[in-house]
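Structural features, examined
One-letter residues, chain by chain:
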Amino acid sequence: MRTFDVIIIGSGSGNSLLGPEYDALDVAIIDGGTFGGTCLNVGCIPTKMYVYPAEIAQSARELSGLGVSADVSSDAVDWPSIRDRIFGRIDAISTGGLAYRNSLPRVTVFQEYAHFIGPKTLETASGEQLSAPTIILASGSRVLVPQIPGIDLPQVHTSDTVMRIPQLPRRVVIVGGGYIAAEFAHVFNGLGAEVTQINRSSRLLRGQDTEIAERFQQCAGDQWNLATEWTPEQITPNDDGSVTLRSISTQGAETREEVADVVLMATGRRPNSDLLNPQAAGIAVDPESQLIRVDDHQRVLGQDGKVLEGVWALGDVCSPAQLKHVANHEARVVAHNVMHPEDLVTSDHRFIPAAVFTHPEIATVGMTEDQARAWAQENGAEITVKSQAFGDVAYGWAMADQTGICKVVADRATGKILGAHLIGPHSSMLIQPLIQAMSFGLDARQMARGQYWIHPSLAEVVENALLGLEFD
Ligand SMILES: Cc1cc2nc3c(=O)[nH]c(=O)nc-3n(C[C@H](O)[C@H](O)[C@H](O)COP(=O)(O)OP(=O)(O)OC[C@H]3O[C@@H](n4cnc5c(N)ncnc54)[C@H](O)[C@@H]3O)c2cc1C
Ligand SMILES: NC(=O)c1ccc[n+]([C@@H]2O[C@H](COP(=O)([O-])OP(=O)(O)OC[C@H]3O[C@@H](n4cnc5c(N)ncnc54)[C@H](O)[C@@H]3O)[C@@H](O)[C@H]2O)c1
């Protein structure tokens, strides 16, 4: 049995825990996958490195309304060079990060999976037993795909593999209606492939504010083939190297078939809690979500609901948000709390924002309008809502934007901002001052008139949304 001061399972957000305070400790980092985890290797970073050229190509196609013409066909897209630029950068960061950790005298990296065999005791895949008084679970989540016939065909991909394919496929079928499906539909469509998105329910991006989701669905249907209320049931290979995906209508009466060169299954992710054999360590796992249960300080809870001293968790393995900025925040909380048990800090999950890097971009924070109405009813409050069109502010005219809106939801009596939801160019950046206002308790009236808004920047859409709210 080898003993350490701290064992970290997972080299994604787990790897960022080790600040100078940990220099004097013997630390083991265990990761059976690619060093650096999901965001770096197969998640946020490579997807956005694909989104950026796709966004430019798609925007170029839409220039005619501005009196400029640009012909960006799929022939103009050099997929291998885009791919190699992305992974030339990312793979080097992963190998460099691993080499750096291996160079540290008090850090030991185990490149294999591990599971608990008892409280505070782990066994690696090669059979080595490890223990430590402090164990940090940062083992993330993994892709979930339906086990339909043909799912193992080489033409069928997930987000883990599709970014490394050799060429831009001519026809791509994307299954799913969440963030991953939306972003890859934009990537492949923007780069010139023929995209068909198949979704089981009637709505895309179901967690979003209804008005935003409906607008996005309209934009998606304008850009690529969109088929809602169809469930895939079989994928079969064709002689020419393509595959046929057969789907059945949600009512079960009809079938449809799509021929594709690549099928991307974007059907969700599940926490990697099961791989840890958590029962052996008495760790509580939520039976529905399969998330490891933690308290507000990221301390792991035991099956009796009490804190398991010395066991911590962060990120996708315990957090329903499945977002990197949440995993990073929780990693900072754990990094502090492990070293300062007498001064525990709390994770702040009040206003978790998210952006979907589609065309147009979407960004969201706080309550949707429907949630705010339900909240108001329960609490005897009233809300005020303003949806300000991008096309009604000066920079929106310059862009000839016809779809963007900035929607702000606030408490009518207090001016407190309850939620903000944007669709349109640069939404992921435009939302940041609204996140800031919510986080620091700045009310909508103060925010609108207590500062200058640069004219004629697109940020005026936020100012005007705030000014359009009605207060008692
Ligand atoms: C395609 C895609 C795009 C995304 N885009 C965004 C985005 O734009 N913005 C955003 O905020 N989020 C995005 N996300 C989500 C984001 O990537 C995750 O929320 C985040 O990476 C989770 O970090 P983590 O540290 O919890 O886990 P991970 O980074 O997944 O790290 C977990 C590590 O643990 C290892 N591991 C698992 N089990 C074991 C075990 N038993 N033993 C040893 N090692 C183990 C795994 O190999 C993995 O390397 C995206 C995700 C995907 C898939
Ligand atoms: N920009 C971002 O922040 C970003 C980008 C990508 C991913 N992510 C994170 O990654 C997570 C996973 O993304 P995702 O899009 O895979 O998951 P998701 O849960 O958002 O969407 C999954 C989709 O697959 C469908 N689905 C599930 N099972 C199915 C089946 N058997 N047949 C047909 N359809 C099925 C669901 O109806 C849903 O539309 C997200 O929760 C998100 O937090 C974030």
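Residues numbered from 1 in each chain as written. Chains lettered and ligands numbered in written order. Predicted model: local features only at pLDDT ≥ 70, side-chain atom pairs only at ≥ 80, totals over all residues. Heavy atoms only, no water.

The UniProt record marks residues 4–329 with the feature "domain: FAD/NAD(P)-binding" (unreviewed entry), using the residue numbering of this structure. The span residues 4–329 carries 25% helix and 26% strand; its end-to-end C-alpha distance comes to 25 Å. (UniProt positions renumbered as here; feature names shortened; annotations may be inferred. Helix = DSSP H or I, 4+ residues; strand = E, 2+ residues; numbered from the N terminus.)

An α-helical segment advances 3.6 residues per turn. Residues three or four places apart therefore align on the same side. Most of helix α12 (residues 460–467) sits out of view: six of its eight residues are buried. Those residues of α12 not exposed but buried are Glu460, Val461, Val462, Glu463, Ala465 and Leu466. (Buried < 20%, exposed > 50% of the residue type's maximum accessible area, 1.4 Å probe, protein only.)

Turning to the environment of Ala132, a few remarks are in order. Secondary-structure assignment places Ala132 in the loop between β7 (129–131) and β8 (134–137). Linking Ala132 and Thr34, residues 98 residues apart in sequence, is a C-alpha distance of 23 Å. In this structure, Ala132 is in contact with Phe4, Asp5, Val6, Ile7 and Lys120, ignoring residues within four places of it in sequence. (Contact = heavy atoms within 4.5 Å.)

Another point: the pattern of salt bridges. Applying the stated rule across the entire model yields 19 salt bridges. Across the salt bridge formed by Arg449 and Glu463, the nearest N and O atoms sit 2.9 Å from each other. Of this pair, Arg449 sits in helix α11 (residues 444–449) while Glu463 sits in helix α12; the two residues are 14 residues apart in sequence, bridging distant segments of the chain. (Salt bridge = Lys/Arg side-chain N within 4 Å of Asp/Glu carboxyl O.)

The next point concerns the site of ligand 1. The environment of ligand 1 is made up of 36 residues, and the closest members are Ser13, Asp31, Thr38, Lys48 and Lys324. Here an oxygen atom of ligand 1 sits 3.3 Å away from a polar atom, N or O, in the main chain of Leu323. Lys324 places a polar main-chain atom, nitrogen or oxygen, 2.8 Å from an oxygen atom of ligand 1. In isolation ligand 1 has 1,000 Å² of accessible area, and contact with the protein removes 93% of it. (Near = heavy atom within 4 Å. Polar contact = N/O pair within 3.5 Å; in protein donor to acceptor, adjacent residues only side chain to side chain. Areas by Shrake-Rupley, 256 points an atom, 1.4 Å probe, with all protein chains shown as cover.)

Now for the sheet that holds strand β10 (residues 156–157). The strand order β10-β17-β11-β12-β13 describes an open sheet built from five strands, whose pairing is parallel. The outermost strands of the open sheet, each flanked by one partner alone, are β10 and β13 (225–228). Across the sheet, helix α4 (residues 179–190) lies against β11 (171–175), β12 (194–199) and β17 (262–265), angled at about 165° from β12, the strand it touches most. (Pairing = 2+ DSSP bridges. Axes fitted to C-alpha atoms, helices over the stretch in contact; angles between N-to-C directions.)

Quick look at the packing of aromatic side chains now. Each aromatic ring pair is described using two quantities: the centre-to-centre distance and the angle formed by the ring planes. Inspection of every chain in the model, using the stated rule, returns five aromatic pairs. Aromatic side chains Phe4 and Phe110 sit 6.0 Å apart centroid to centroid with 90° between the ring planes, which places their arrangement in the edge-to-face category. Pair noted here: Phe4 is in the loop between β1 (2–3) and β2 (6–9) and Phe110 is in strand β4 (residues 107–110), with a separation of 106 residues, a long-range link. No difference in accessibility class separates Phe4 from Phe110, as the two residues are buried. (Phe/Tyr/Trp six-rings, centres within 6.5 Å; stacked < 30°, edge-to-face > 60°.)

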